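Working through the structure, step by step
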Amino acid sequence: MARRGGLKSTYDPTQPTLWQRLDWLARRLVPVGLTLILLMMSVAPSRLPGFVHIAPMIALISIYYWAVCRPEVMGYGSAFVLGLVEDSLTGAPLGVGALVLLLTQAVVATQYKFFLNKPFLVTWWAFALVAGVAAVVKWLAVSAIYGTFVDGTALVFSTLFTVAVYPPFAWLFGRVHHMLFREA
């Protein structure tokens, strides 16, 4: 379609508008942002002595949930950054959390079809397995970095606590998922 002066219009109806691109970006940033906020809240000082050592692994719950429900929302870059943030906030050796989250995401992503239309108890049971393996990988990585087997008692309690609090976090992420991606 020609304009006055013979110039062609640059409008292309097949290209998304600015608002559509911003909407797409926001829908992908909300899960990462929410995870970051929850992660910071989980390591905030509390009146419970030693809670930071057994705090639930929020980033692991989030990576698992989004890899099961909507893998395209939480990419490997997001998992890597969340892992580094988690390491920085908890004082863990830098890179251990990123390694665990990347491995978790890679393993769960390969099983995406398995999780389709499965009941909640199946995904919770699978999460318990993934959390247990993630804890062992984290313990082995930290032990290798320090050159000695570190005490894993706090990690065991953190893993059990993480598995126990998975349902309310899955519910929260489910609400966010529904709000962001419901079909209009």
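One can find the structure itself at the top, above this paragraph.
First things first, this report covers the structure right here in the doc. Everything numeric here is computed off the predicted structure, so don't read it as measured data. (Residues numbered from 1 in each chain as written. Predicted model: local features only at pLDDT ≥ 70, side-chain atom pairs only at ≥ 80, totals over all residues. Heavy atoms only, no water.)

1. Side note on helix α5 (residues 96-110)
- The end-to-end C-alpha distance of α5, which contains 15 residues, comes to 21 Å, matching closely the 21 Å that a straight helix rising 1.5 Å per residue would cover.
- Listed in full, the buried residues belonging to α5 are Val96, Gly97, Ala98, Val100, Leu101, Thr104, Gln105 and Val108.
- In this structure, the buried residues of α5 make contact with α3 (58-69), α4 (76-90), α6 (112-115) and α7 (120-146). (Helix = DSSP H or I, 4+ residues; strand = E, 2+ residues; numbered from the N terminus. Expected span 1.5 Å × (residues − 1). Buried < 20%, exposed > 50% of the residue type's maximum accessible area, 1.4 Å probe, protein only. Contact = heavy atoms within 4.5 Å.)

2. Considerations on the pattern of salt bridges
- What the rule picks out here adds up to one salt bridge.
- Measuring nitrogen to oxygen at the nearest pair gives 2.9 Å for the salt bridge that ties Glu72 to Arg70.
- For Glu72, a relative accessible area of 44% gives the class partly exposed. (Salt bridge = Lys/Arg side-chain N within 4 Å of Asp/Glu carboxyl O.)

3. Quick notes on α7
- Along its 27 residues, α7 runs 38 Å from first to last C-alpha, staying within 8% of the 39 Å computed at 1.5 Å per residue.
- Burial in α7 covers these residues: Thr123, Ala126, Phe127, Val130, Ala131, Ala134, Ala135, Lys138, Ala141, Val142 and Ser143.
- Positive phi appears at Gly147, one or two residues downstream of α7, with a value of about 75 degrees.

4. Quick word on the nonpolar core
- Within the largest apolar cluster, 36 residues are counted, with the highest numbers of intra-cluster contacts made by Tyr64, Trp66, Phe127 and Phe173.
- For this core, the secondary-structure elements that each account for two or more residues are α1 (18-42), α3, α4, α5, α7 and α8 (153-181).
- When residues of this core are assigned to their parent elements, the largest contribution, 10 residues, is made by α3. (Core = buried A, V, L, I, M, F, W, Y, C linked by side-chain atoms within 4.5 Å.)

5. Concerning a nonpolar patch on the surface
- Nonpolar side chains collect at one region of the surface, where Leu18, Trp19, Leu22, Trp24, Leu25 and Leu29 lie side by side and expose about 690 Å² of accessible area between them.
- Of the residues examined, Leu25 reaches a relative accessible area of 39% and is grouped as partly exposed. (Patch = residues over 30% accessible without salt bridge, like charges linked within 9 Å, V, L, I, M, F, W, Y side chains within 5 Å. Areas by Shrake-Rupley, 256 points an atom, 1.4 Å probe, with all protein chains shown as cover.)

6. A look at the packing of α3 against α5
- For the pair α3 and α5, interaxial distance at closest approach is 9 Å and the crossing angle is 20 degrees. On the basis of their axis angle, the class for α3 and α5 is roughly parallel. Regarding α3 and α5, the two cross each other, and that crossing is right-handed. On α5, the residues that touch Ala59, Leu60, Ile63, Tyr64, Ala67 and Val68 of α3 are Leu101, Thr104, Gln105 and Val108.
- Split into classes, the residues belonging to the contact of α3 with α5 amount to eight nonpolar, two polar and no charged. (Axes fitted to C-alpha atoms, helices over the stretch in contact; angles between N-to-C directions. Parallel < 35°, antiparallel > 145°, perpendicular 65-115°, else oblique. Left-handed = near helix turned anticlockwise from the far one by under 90°. Nonpolar A, V, L, I, M, F, W, Y, C, P; charged D, E, K, R; others polar.)

7. A word on the packing of α3 against α8
- Running from amino to carboxyl end, α3 crosses α8 at an angle of 50 degrees, the nearest separation of the two axes being 9 Å. As summarised for this structure, α3 and α8 are arranged oblique, according to the angle between their axes. Seen from above, α3 lies across α8 with right-handed handedness. Together, Ile58, Ile61, Ser62, Tyr64, Tyr65, Trp66 and Cys69 of α3 and Thr162, Val165, Tyr166, Phe169, Ala170, Phe173, Gly174, Val176, His177 and Phe181 of α8 make up the contact between the two elements.
- Classifying every residue of the contact of α3 with α8 gives 13 nonpolar, four polar and no charged.

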